[in-house]
Amino acid sequence: MYQPVDKPVQIGVIGGSGLYEIDGLADIQELTIETPFGATSDDLLVGSLDGVRVAFLPRHGKGHRISPSELPVRANIWALKSLGVKSLLSFSAVGSLREGLIPRDFVIPDQILDRTKGIRPASFFGDGIVAHVAFGEPYCSHVSKIAAEAARQVGVTVHETGTMVVMEGPQFSTKAESLFYRQIGGDVIGMTALPEAKLAREAEICYATVAMVTDYDCWHEEEEAVTVDMVVANVNANVANAREIIRLAVPKLTQDIDTDCACRHALEGAIMTAPDRYPENKRRQLALFLDK
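Now for a description of the structure that goes with this document. Bear in mind that the values here come from a model prediction, so they are computed numbers and not experimental data. (Residues numbered from 1 in each chain as written. Predicted model: local features only at pLDDT ≥ 70, side-chain atom pairs only at ≥ 80, totals over all residues. Heavy atoms only, no water.)

The next subject is the packing of aromatic side chains. Counted by the stated rule, this structure contains 5 aromatic pairs. Between Tyr139 and Tyr207, the aromatic rings sit 6.0 Å apart at their centres with planes inclined by 10°, giving stacked as the arrangement. Residue Tyr139 is found in the loop between strand 7 (111–115) and helix 2 (141–154), and its partner Tyr207 is found in strand 11 (residues 206–215); the two are separated by 68 residues along the sequence. Neither residue differs from the other here; Tyr139 and Tyr207 are each classed as buried. Ring centres of Phe180 and Tyr181 lie 6.1 Å apart, and the angle between their planes is 50°; on these two criteria the pair is classed as tilted. Residue Phe180 is classed as partly exposed on the basis of its relative accessible area, which comes to 33%. Under the relative-accessibility criterion, Tyr181 is labelled buried at 5%. Through a chain of ring-to-ring contacts, three or more aromatic side chains come together here, namely Phe37, Phe124 and Phe289. The lysine or arginine in question, Arg182, covers the ring of Trp219, its NZ or CZ lying 3.8 Å from the ring centre. (Phe/Tyr/Trp six-rings, centres within 6.5 Å; stacked < 30°, edge-to-face > 60°. Helix = DSSP H or I, 4+ residues; strand = E, 2+ residues; numbered from the N terminus. Buried < 20%, exposed > 50% of the residue type's maximum accessible area, 1.4 Å probe, protein only. Lys NZ or Arg CZ within 6 Å of the ring centre and 35° of its normal.)

This is the structure in structure tokens:
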């Protein structure tokens, strides 16, 4: 296991659109981590937040350089796992598919509908090692509960359940697509929760998303269709609240770190391939997960 820090960093945060740093992070190390899956979105920042060691990664890179379909998600999750991360809180800008979820509300989704197009590598496995992890509950209930509690403390309107539709992008939806997503049960729509959630589960990391509503996609007849200007304005308004949520959630995530959770045993019974049939190069690539 590659360990570029003196002791494991058990809490991770992934910042989405507009969230490229954490306020109040002290004693910062900037780490360039080489992974078997290539380079990460950017250097990872490891530092202390109110005395708790945290690893932070801007999902799209500083300056927002990487499109949703091009994100090196396997590298990002592998790098966080290599540091020792056990609980991971991600932030994403999303569109609302419901009247009751208004711009600048926060949603803690508990389900996902995958509408990506299969061009994003969605598993660490394959190439000779087959694994089928359970994904019926795609988000960790422990991390989600802590995130919702922190959002309530901040004073934002927070919805503690919801179904996240994940589309390919980078274009926004057509109106027909937006109406279809409403019909099939979507509550919010974004472009980055997958394969991030699937890979976090394979890495046995407890993972949850804080979805920050920026717009009504394009289904709402009485509201302006989504534009970049609209998204950026509402992202900027949401970011201050997101940073405060991080500050409040991190100590609670640390207190919860030893709670037994099914997420941290996701590979038990999931690997179908007999160990003596592992290809040696693939075994080395997955040693971080297999050696335990």
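Picking up after the structure, the text goes on.
Counting residues in each nonpolar core, the largest one holds 49 residues, and the members touching the most others are Ile77, Leu83 and Phe124. Those elements that place two or more of their residues in this core are strand 3 (44–49), strand 4 (52–58), helix 1 (73–83), strand 5 (87–96), strand 9 (163–167), helix 4 (193–202), strand 11 and helix 7 (287–290). Examining the composition of this core, we find that 7 residues originate from one element, helix 1, more than from any other. Apart from residues no more than four positions distant in its own chain, Ile77 is found in contact with Ile14, Leu88, Phe124, Glu196, Leu199, Ala200, Ala203 and Ile205. Residues Leu45, Val143, Val231 and Ile245 belong to the second largest nonpolar core, which totals 40 residues. (Core = buried A, V, L, I, M, F, W, Y, C linked by side-chain atoms within 4.5 Å. Contact = heavy atoms within 4.5 Å.)

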